[in-house]
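Coordinate analysis (summary)
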Amino acid sequence: MNEKEMLYQKRLERYMTAMDCGKPDMVPVAFGVGEWITKYTGTTLQEIYYDLDKSNNVVSEMLPGLDFDIFKGGPALWWPPMFDAMGSKLYKFPGMGVDENSTFQFNEQEYMKADDYDEFIASPTEWLVNHYLPNISTELENPGSYRSTVALIKGAAAFAMQGGIMAAAWGKWTMENGIVGQGTGFTKAPFDTLGDALRGMKGVLLDLRRRPEKVLAACDAITPHNVNCGLAGAGADTRFPCFVPLHRGAYPFLNPKQWDTFYWPSLKATIEGMWAKGKRMLFYAEGDWTPYLEKIAELPDKSIIFQIDTTDAKKAKKILGGRFCLQGGVPTTLLTYGTPEKVKEHIKRTFDELACDGGFILDTGGVVMGDAKKENAIAMIEAARKYGIY
Amino acid sequence: MKDELQIAMADLDEERTLMLVEERVKAGYSSVEIIESCRRGVEVVGEKYSDSHYYLSDLIMSEEILKGVMRILEPYIPTNGSVKGLSIVMGTIEGDIHDLGKNIIIYLLRSSGYQVHDLGVDVTPERFIQAVNETKASILGISVLLSFCIGSIKKVVDLLEDAGLRDKVKVVVGGYPVNQEVKEFTGADFYANDVTEAMRIYREILEIKEDSV
């Protein structure tokens, strides 16, 4: 075993121990190279998004010498050429609809209409192919046409190309730096699938009062697909958690009764469905989830890693700590408006409050955007090592 | 609270609200009277939101019901509707296209009788300045969700300064990522993360300004 492999093993053990609520030799640290890196590389964000090699090279140059455990990935979340091949209406990408140095944005619409519920519920995937794809992509407007067929092939080929390039890059980063990838697989809360992608925020929130039974039936219909998506996308890996960004369940979108009735049952079923196969969820609770912590505590022990964004961290520790690993602790704004000294002080305090008896991974609360400062990101890692020894 | 229409609105009973509005139109009520009942209903909705009985989904529902009411009343509304004198300019900052929070605030302000100029989303700093200048607004509300767009809010405040407008307008920034640090960085006067806090700030500023007019 070479030096990097040994380092990988050590970091893997640290991560695994924390995930199982144990106390490793030191607090594991998660780190991602966010869009902020663009400011320091002389490239535009558009180049970073469109040119995977360029983006991966930036990451390769950044990683050596940084001592952290869990890697969350590079600056580009999507590869726009795949979307362009299908004429996708879903996103505005840097340089395409927004400024070349602005991040991507989701173009939310009611891509599924209220009248579509019954057909969707009867067969979700069939409805997606027959109606959703034509609705979200100019090139797929006429299913079965020459143009549509070619665009579908191009889109699928681009997806595979991106997968291949990124797998090779992750392999290289792992081998050369001994870092451990955060997770495998991706899925969503069924209500978020419906609310984010299909009905849109306003659509789904109005549906709660206008056609509540359809919302429930749709969430039920989506659940087995989302369980499968989390498992199959990970290629049956169960060591690492499945990443699940959670949206509409954050306070104060839904009132407590709506949360209990519409959001939670299908999300809980998704978590339990995956956990029955040994797959844990990175419960990426974006925003504030404080009012729902007691409900979340009903989940099987260790079935999630709970991400603390703007949730009350002390309450999360009190209610979930010991039974579920907690991840977070560093507000994203601290990396933008703070100084290295402030970051260090904050991390010392965070460890005292959250990490003391294990089951904790240090991470930024939410997604770190282009406004963060590199020196603060580096300070976070350094402070974590300085103060994080158990 | 005995007004059935006000109650239906406050309970977010869409069907009943619209039915009562239709009935009152037929019975010869004036559009101003009908709107006033609904407005009082919306006020209750706002109070219930502040008390955590209602959440965002409920506010959005109330907005939708009021829209339905206005569709029915449109033919009967006199063209020179009365509004309170002070005006407000609002928009989502450049680079950001999120408008849920902004739209809710605008809806609540308008239903309280204030005149709000909605500049929409992805609004450049220059456009904000132009609108403040043209409308002589007392408040500029800037909405932001994406933290990397916060730099442009600072630019708005700087441009207000350059244009000699800074002391004529209160700047309120609102949205998920704003906090005391963001307020200080941008030079804004106030910040709010939620609807209740934002409405409290707006009311406070408007009351002070109204008194001084």
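Calculation notes
- Residues numbered from 1 in each chain as written.
- Chains lettered and ligands numbered in written order.
- Predicted model: local features only at pLDDT ≥ 70, side-chain atom pairs only at ≥ 80, totals over all residues.
- Helix = DSSP H or I, 4+ residues; strand = E, 2+ residues; numbered from the N terminus.
- Rg over C-alpha atoms; globule rule 2.2 N^0.38 Å.
- Buried ≥ 20, exposed ≤ 12 C-beta atoms within 10 Å, placed from the backbone.
- Pairing = 2+ DSSP bridges.
- Axes fitted to C-alpha atoms, helices over the stretch in contact; angles between N-to-C directions.
- Contact = placed C-beta atoms within 7 Å.
- Domains from an automatic or database assignment.
- Nonpolar A, V, L, I, M, F, W, Y, C, P; charged D, E, K, R; others polar.
- Parallel < 35°, antiparallel > 145°, perpendicular 65-115°, else oblique.
- Left-handed = near helix turned anticlockwise from the far one by under 90°.
- Core = buried A, V, L, I, M, F, W, Y, C linked by C-beta atoms within 7 Å.

**Side note on the overall build of chain B**
When helices and strands are tallied, chain B shows nine helices and five strands. Taken from the N to the C terminus, the helices and strands of chain B come in the order α-α-α-α-β-α-β-α-β-α-β-α-β-α. In terms of overall size, chain B behaves like a compact globule, its C-alpha atoms giving a radius of gyration of 18 Å where 213 residues would be expected to give roughly 17 Å. In terms of its C-alpha atoms, chain B occupies a principal-axis envelope of roughly 55 × 35 × 30 Å. Counting over 213 residues, chain B shows a buried share of 45%.

**Describing the sheet that holds strand E10 (residues 325-330) of chain A**
Residue and element names in this part refer to chain A. Here we have five strands laid out as an open sheet, ordered E7-E8-E9-E10-E11, and parallel in their pairing. Every other strand in the sheet has two partners, leaving strand E7 (242-246) and strand E11 (360-364) as the edge strands with one partner each. Adjacent strand axes in the sheet meet at a mean angle of 25° when their direction is disregarded. Pairing geometry for strand E8 (residues 281-285) and strand E9 (residues 304-308), over three bridges, is parallel. Bridge pairing in E9 places Met281 opposite Ile304. The strands touched by helix H15 (residues 340-355) within the sheet are E10 and E11, with E10 carrying the most contacts at an inclination of about 155°.

**Describing the environment of A:Tyr40**
Secondary-structure assignment places A:Tyr40 in the loop between strand E1 (30-31) and helix H2 (45-50). We classify A:Tyr40 as exposed; it has 11 C-beta atoms within 10 Å.

**Notes on the domain arrangement of chain B**
Residues and elements named next belong to chain B. If you check the domain split of chain B, you get domain 1 (4-76) and domain 2 (87-212). Using C-alpha coordinates to define each centre, domain 1 is positioned 27 Å away from domain 2. With eight residues of domain 1 at the interface, the matching set in domain 2 holds seven residues. Counting residues per element, the ones that place at least two in the side of domain 1 that touches domain 2 are helix H3 (31-50) and helix H4 (56-73). When grouped by side-chain class, the residues that make up the side of domain 1 that touches domain 2 number four nonpolar, two polar and two charged.

**Considering the interface of chain A and chain B**
Contacts between the two partners involve 24 residues from chain A and, on the opposite side, 24 residues from chain B. Listed by contribution, the elements that provide at least two residues to the side of chain A that touches chain B are helix H9 (200-210) and helix H14 (332-337) of chain A. Sorting elements by how many residues they give to the side of chain A that touches chain B places H9(A) first, with six residues. The residue makeup of the side of chain A that touches chain B, split by class, is ten nonpolar, ten polar and four charged.

**What about the packing of helix H2 (residues 14-26) of chain B against H4(B)?**
Residue and element names in this part refer to chain B. Contact pair H2 / H4: the axes reach a minimum separation of 10 Å and the direction vectors enclose 20°. Here H2 lies roughly parallel to H4, going by the angle between them. With respect to the hand of their crossing, H2 and H4 are arranged in right-handed fashion. For the pair H2 and H4, the contacting residues are Glu14, Thr17, Leu18, Val21, Glu22 and Val25 in the first and Ile65, Gly68, Val69, Ile72 and Leu73 in the second. A breakdown of the residues in the contact of H2 with H4 according to their chemical character gives seven nonpolar, two polar and two charged.

**Brief notes about the pairing of strand E3 (residues 139-143) of chain B**
All names here are of chain B. Within E3, five of the five residues are buried, which leaves the element mostly enclosed by the surrounding structure. Of the two faces of E3, both are covered, the one formed by Ile139, Gly141 and Ser143 as well as the one formed by Leu140 and Ile142. Bridge count for strand E1 (residues 87-92) against E3 is five bridges, and the pairing is parallel. Note that in E3 the partner of Ile88 across the bridge is Ile139. Examined bridge by bridge, E3 and strand E4 (residues 170-174) share five bridges and lie parallel to one another. Residue pairing for E4: Leu140 is matched across the bridge by Val171.

**Focus: the sheet that holds E1(A)**
Residues and elements named next belong to chain A. In space, the three strands of this open sheet follow the order E1-E2-E6, with parallel pairing throughout. Each edge of the sheet is formed by a strand with only one pairing partner; in this case those strands are E1 and strand E6 (180-181). As paired elements, strand E2 (residues 70-71) and E6 share two bridges and run parallel to each other. By the bridge assignment, Ile70 is partnered in E6 with Val180.

**Some remarks on the environment of A:Pro241**
Residue and element names in this part refer to chain A. Checked against the element boundaries, Pro241 lands in the loop between helix H10 (212-232) and E7. According to the C-beta neighbour criterion, Pro241 is buried, with 27 such atoms within 10 Å. As for Pro241 and Leu45, which are separated by 196 residues in sequence, their C-alpha atoms are 29 Å apart. In this view, Pro241 contacts Gly183, Arg280, Met281, Leu282 and Ile305; residues no more than four positions away in its chain are not counted.

**Here's the deal with the nonpolar core**
Counting residues in hydrophobic clusters, the biggest one holds 172 residues, and the most contacted among them are A:Phe283, A:Phe306, A:Met380, B:Val144 and B:Val173. The two domains that each donate at least three residues to this core are domain 1 (4-76) and domain 2 (87-212) of chain B. In contact with B:Val144, other than residues within four places in its own chain, are B:Thr92, B:Ile93, B:Asp96, B:Cys149, B:Ile150, B:Ile153, B:Val173, B:Gly175, B:Pro177 and B:Val178.

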